Protein chains: 2
Amino acid sequence: MKKILNDPSNLVPEMVSGMVASYPQYIRQIPDTLAVVRNDRAFNEKHAPKVGVVSGGGSGHEPLHMGFVGQGMLTAAVPGQVFTSPTPDQIYAAVKAADQGKGVLLIVKNYSGDVMNFDMAKDLASIDDIKVESIVVDDDVAVEDSLYTQGRRGVAGTVLVEKIVGAAAEAGLDLAALVKLGKAVIAQTKTIGVALHAATVPEVGHPGFELGPDEMEYGVGIHNEPGYKREKMVPSAALAKELLGKIGGHFDGGVAGKKFTVLVNGFGATPLGEQFVFANDVLEQLKDAKADVIFTKVGNYVTSLDMTGLSLTLLQMQDDQWLDYLNAPAATIGWGDSRNER
Amino acid sequence: MKKILNDPSNLVPEMVSGMVASYPQYIRQIPDTLAVVRNDRAFNEKHAPKVGVVSGGGSGHEPLHMGFVGQGMLTAAVPGQVFTSPTPDQIYAAVKAADQGKGVLLIVKNYSGDVMNFDMAKDLASIDDIKVESIVVDDDVAVEDSLYTQGRRGVAGTVLVEKIVGAAAEAGLDLAALVKLGKAVIAQTKTIGVALHAATVPEVGHPGFELGPDEMEYGVGIHNEPGYKREKMVPSAALAKELLGKIGGHFDGGVAGKKFTVLVNGFGATPLGEQFVFANDVLEQLKDAKADVIFTKVGNYVTSLDMTGLSLTLLQMQDDQWLDYLNAPAATIGWGDSRNER
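Throughout this document, residue positions are counted from 1 along each chain, in the order its sequence is written. Ligands are numbered from 1 and chains lettered from A, in the order in which they are written. In view of the model being predicted, local features appear only for residues whose pLDDT reaches at least 70, and side-chain atom pairs are presented and counted only at 80 or more, with totals across whole chains, interfaces and linings using the full set of residues. To obtain the side-chain values, all non-hydrogen atoms of the structure were included, while hydrogens and water were left out.

Chain A appears in an unreviewed UniProt entry as Dihydroxyacetone kinase, DhaK subunit from Schleiferilactobacillus perolens DSM 12744.

This is how it looks when you write it as structure tokens:
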């Protein structure tokens, strides 16, 4: 294992410390936790209370979630150890720090440990009279149930949910409206990932599974969970066809005539150039299929440590407002620029 | 070699096509070239002519340079084939597309082929009465001269030069002032990189050099050029100490009491989490050394295909205006958010 680390067991505290020290204009650490909360002036000076939006989960998926904390996106984020759910007390601390008197929405990826611990945090917060609701992201259509999941896993589509719901919270929607919006977006978000090489958890020291020199795992999870098949490598265009075929089948009546957001998400060790070659194939094929792509993102948003591979997400845009929320400003480490003045 | 590609020899055109199709709000392709130019409304409607800022170089370093084209940063960018200089006619086409009647500044990384071809493009443009000047970035202090370079190589510090000069052009500085500013920034920009694993050029099919399972190459270039030593892996904190010691020695009188921008730049296959662990060590050690870090960026900005490793750049901030230029908005694929309202 070759990694730039000190003590592998200390990766998460050092990483959080590095993020906070590098980008204090966006985030600060919540005392006695690994969680972070917004640190911009609008939040700190409590100008206009909004619903807090909190997410979290195991580390190793950076920039998710801490890199998406900032005005217009998440209010706070809670990292667990690598590929391990954060504890209820840490989530509870993030809820308290994010609450501005308007309640807090939890965005939870669908893993058994995360769902359980976020639920416990919700119970803790209810004692404090903080109104807390949660939504569960389960966008991975590769497999039903998985190693750590009942139902479908929550993967790269999470960043789109966080962006839309975060922008809506910034725009002043109340907790009930945000729950409704988040659930509607999740229902239209479908993802499948492929791995060329598995991720190595630092404390384990070797890849989570072995692939042959010309093999690819289709439908892999972001914690090295198995996918739906393992086959020889194919060219990018054939890969795009396979994934679009699988994902498109989850939209009633296919993709023709519908509006979509497309997310091509690198898993950590796949160069951006390859991601754009793949995006080119995806966008061409969607055009041929008469689908209308109105928003695209390509890059490393929801990674899996040093996994080589990428995922494709399609979000069917059922409401024009969703595009406005995607285009709204987000002052974060990881989302990037938001201007869209054509 | 495991890569997500179609025909390796067609990587660059497909990648450019994917970037333009994914982000038409920022860039469009210049007809009959691989080069891209701004596509935002302010540029297309020619509201207020500014000096054009053009960069380019071999591909494989994405998001550099095309990912930095947009209002507030580059006006146009010219990609060559992988690790290969763009041709003079392509650079000339970008100069013509970028020119708004106020002249064009070329930002060139110091490689013999790039310097030669950008010079030829400058000659071509002079026939058209377009005023063109160029500045050469040579921030890599690891070695003097190298495989493809006389003097020092141009590496990750290039993105800081592009951001500062691009913001200054957007603010209305004239060509002579931009040349002066660019040269002043370049003189204060110092970088060293380390590799844990070499990059694989797709058309070659194997890594550019071999490292043992516990070895690291110190001072590596972004085209697999050799560095200044090859040694056993060390922890992140020891690596930070080595690089800071080397780089600090290039600032007269050391780093104490001076203001710096710090860039931790991933080479393509190094997870963001590791980059933040390293940034944490760098920022702590600079604090201990009484240096004042006033701006930090951590992420993949100037990559080397699938190389594992990262580089550290220190830019001594000699003018308060430079920080304003770094913080100014940049509507690009790769620079990220620019808000800094603390």
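### Overview of the relation of the copies chain A and chain B
Spelled out, the test is: When the copies are superposed, the least-squares fit draws on C-alpha atoms of residues that have pLDDT of at least 70 in both. Should any heavy atoms of two residues lie within 4.5 Å, those residues are counted as being in contact.
Rotating chain A by 180 degrees and moving it 0.0 Å along the rotation axis overlays it on chain B with an RMSD of 0.0 Å. Put plainly, the chains are arranged around a two-fold axis. A share of 100% of the interface residues of chain A reappears at the interface of chain B, consistent with the copies meeting face to face through the same patch.

### Quick look at the packing of helix α7 (residues 236–248) of chain A against helix α8 (residues 272–288) of chain A
Residues and elements named next belong to chain A. Put simply, the test is: Whenever a helix is involved, its axis is fitted only over the stretch in contact; in every case the axis is a line through C-alpha atoms, and angles between N-to-C directions fall within 0 to 180 degrees. By the criteria applied, helices consist of DSSP H or I runs no shorter than four residues and strands consist of E runs no shorter than two, each listed in order from the N terminus. Angle categories: roughly parallel below 35 degrees, roughly antiparallel above 145, roughly perpendicular from 65 to 115, and oblique for all the rest. With the far helix as reference, a near helix turned anticlockwise by less than a right angle produces a left-handed crossing, and one turned clockwise produces a right-handed crossing. Residues are sorted three ways: Asp, Glu, Lys and Arg are charged, Ala, Val, Leu, Ile, Met, Phe, Trp, Tyr, Cys and Pro are nonpolar, and all the rest, Gly among them, are polar.
Two elements in contact, α7 and α8, have axes separated by 9 Å at closest approach and are oriented at 55 degrees. When the interaxial angle is binned, α7 and α8 end up oblique. Judged by the twist between their axes, the crossing of α7 over α8 is right-handed. The segment α7 lies against α8, with S236, A237, L239, A240, K241, L243 and L244 engaging V277, F278, D281, V282, Q285 and L286. Taken together, the residues of the contact of α7 with α8 break down into 9 nonpolar, 2 polar and 2 charged.

### With respect to the layout of surface pockets
Basically, it comes down to this: A pocket, in this scheme, is an open set of points on a 1 Å grid over the protein atoms alone with protein on both sides within 12 Å along at least 5 of 7 lines, while a cavity is a set where a 1.4 Å probe fits but cannot get out; residues line either one if an atom lies within 4 Å of a point. Grid points are joined across faces, edges and corners, and a volume is the space filled by probe spheres set on the points.
One number sums up the size of the largest pocket: a volume of about 880 Å³. In terms of lining, the largest pocket is formed by 35 residues, of which the most central are H197, D306 and T308 of chain A together with H197 and T308 of chain B. Going through the elements one at a time, β7 (189–197) of chain A together with β7 (189–197) of chain B are the ones with two or more residues in the lining of the largest pocket. In terms of residue class, the lining of the largest pocket is made up of 14 nonpolar, 12 polar and 9 charged. Put simply, the second largest pocket is a space of about 410 Å³. As for the second largest pocket, its lining consists of 20 residues, and the residues nearest its centre are L283, V293 and T296 of chain A together with A21 and P24 of chain B. Listing elements by their share of the lining of the second largest pocket, those giving two or more residues are α8, β11 (292–299) and α9 (320–327) of chain A together with α1 (11–22) of chain B. For the lining of the second largest pocket, the element with the most residues is α8 of chain A, which contributes 5 residues. Class assignment for the residues of the lining of the second largest pocket results in 10 nonpolar, 7 polar and 3 charged.

### Comments concerning the pairing of strand β5 (residues 104–109) of chain B
Residue and element names in this part refer to chain B. Put simply, the rule is: Under the scheme applied here, a residue whose accessible area is under 20% of the maximum for its type counts as buried, over 50% as exposed, and between as partly exposed, the area being computed with a 1.4 Å probe on protein chains only. Following DSSP output, two strands are said to pair if at least two bridges run between them. For crossovers, right-handed means that the path from the first strand over the helix to the second runs clockwise, given strands pointing away from the viewer.
Within β5, 6 of the 6 residues are buried, which leaves it mostly tucked inside the rest of the structure. Neither face of β5 is open: one carries V104, L106 and V108, the other L105, I107 and K109, and all of them are buried. When strand β3 (residues 52–59) meets β5, the two strands line up parallel, connected through 4 bridges. Looking at β5, one finds that S55 is bridged to I107. As defined by bridge partners, β5 adjoins strand β6 (residues 132–137) across 6 bridges and the pair is classed as parallel. Its bridge partner being in β6, K109 is matched across the sheet by V137. Regarding topology, helix α4 (residues 112–127) serves as the crossover connection from β5 to the parallel β6, and that connection is right-handed.

### Some details on the UniProt feature "domain: DhaK" (unreviewed entry) in chain A
What counts is decided by this rule: UniProt positions are given in the numbering used here, feature names are shortened, and annotations may be inferred rather than shown by experiment.
What UniProt calls "domain: DhaK" (unreviewed entry) maps, in this numbering, to residues 7–335 of chain A. The annotated region residues 7–335 of chain A carries 33% helix and 23% strand content, and the separation between its end C-alpha atoms amounts to 29 Å.

### Details of the environment of E225 of chain A
All names here are of chain A. Convention followed: Polar contacts, as used here, are pairs of N or O atoms within 3.5 Å; protein pairs need one atom able to donate a hydrogen and one able to accept it. Residues neighboring in sequence count only if both atoms are side-chain atoms.
Mapped onto the elements of the fold, E225 is located in the loop between β8 (215–218) and β9 (229–232). Residue classification places E225 among the buried positions, given a relative accessible area of 0%. As for E225 and M73, which are separated by 152 residues in sequence, their C-alpha atoms are 28 Å apart. Once residues within four sequence positions are removed from consideration, E225 is found in contact with Y111, S146, L147, Y148, R153 and V220. Side-chain polar atoms of E225 contact the backbone nitrogen of I222, separated by 3.3 Å. From its side chain, E225 meets the backbone nitrogen of H223 in a polar contact 2.6 Å long.

### Considering the packing of helix α3 (residues 88–98) of chain A against helix α4 (residues 112–127) of chain A
Packed helices, taken two at a time, are described by their axes: the angle between them and the distance between them. Residues and elements named next belong to chain A. The N-to-C vectors of α3 and α4 enclose an angle of 55 degrees; their axes lie 8 Å apart at closest approach. Here α3 is positioned oblique relative to α4, judged by the angle of their axes. The hand of the α3/α4 crossing is right-handed. Residues P88, I91, Y92 and V95 of α3 form the contact with α4, whose participating residues are N117, F118, M120, A121, L124 and A125. Among the residues making up the contact of α3 with α4, the classes are represented as 9 nonpolar, 1 polar and no charged.

### Re the interface of chain A and chain B
The condition that has to hold: The term buried area means the drop in 1.4 Å probe accessible area that two parts suffer when joined, counted for both and summed. Salt bridge criterion: a side-chain nitrogen from Lys or Arg within 4 Å of a carboxyl oxygen from Asp or Glu.
Taken residue by residue, the interface counts 67 residues in chain A and 67 residues in chain B. Both faces combined, the contact of chain A with chain B buries some 5400 Å², and carbon together with sulfur accounts for 57% of it. At the boundary of chain A with chain B, the tally comes to 2 salt bridges. Residue E274 of chain A pairs with K3 of chain B through a salt bridge whose shortest N-O separation is 3.7 Å. At the junction of chain A with chain B, the criterion picks out 22 residue pairs in polar contact (both at pLDDT 80 or more). Those elements that provide at least two residues to the side of chain A that touches chain B are α1 (11–22), β8, α7, α8 and β11 of chain A. With 10 residues, the top contributor of residues to the side of chain A that touches chain B is α8 of chain A. Considering only residue class, the side of chain A that touches chain B consists of 34 nonpolar, 17 polar and 16 charged.

### Focus on helix α9 (residues 320–327) of chain B
Residues and elements named next belong to chain B. Among all positions of α9, only W322, Y325, L326 and N327 are buried. Packing partners of the buried residues in α9 comprise α5 (157–170), α6 (175–187), β10 (259–266), β11 (292–299) and β12 (308–316). One side-chain oxygen of the residue at the start of α9 lies 2.8 Å from the amide nitrogen of Q321, identifying that residue as D319.

### Side note on the pairing of β12 of chain B
All names here are of chain B. Burial analysis of β12 places 9 of its 9 residues in the buried class, the great majority of the element. Of the two faces of β12, the one lined by T308, L310, L312, L314 and Q316 and the one lined by G309, S311, T313 and L315 are each fully buried. Looking at chain direction, β7 and β12 are connected through 8 bridges and run antiparallel. Residue pairing for β12: I192 is matched across the bridge by L312. Pairing of β10 with β12, which is carried by 7 bridges, proceeds in the antiparallel orientation. Counterpart to L263 in the pairing with β12 is T313.

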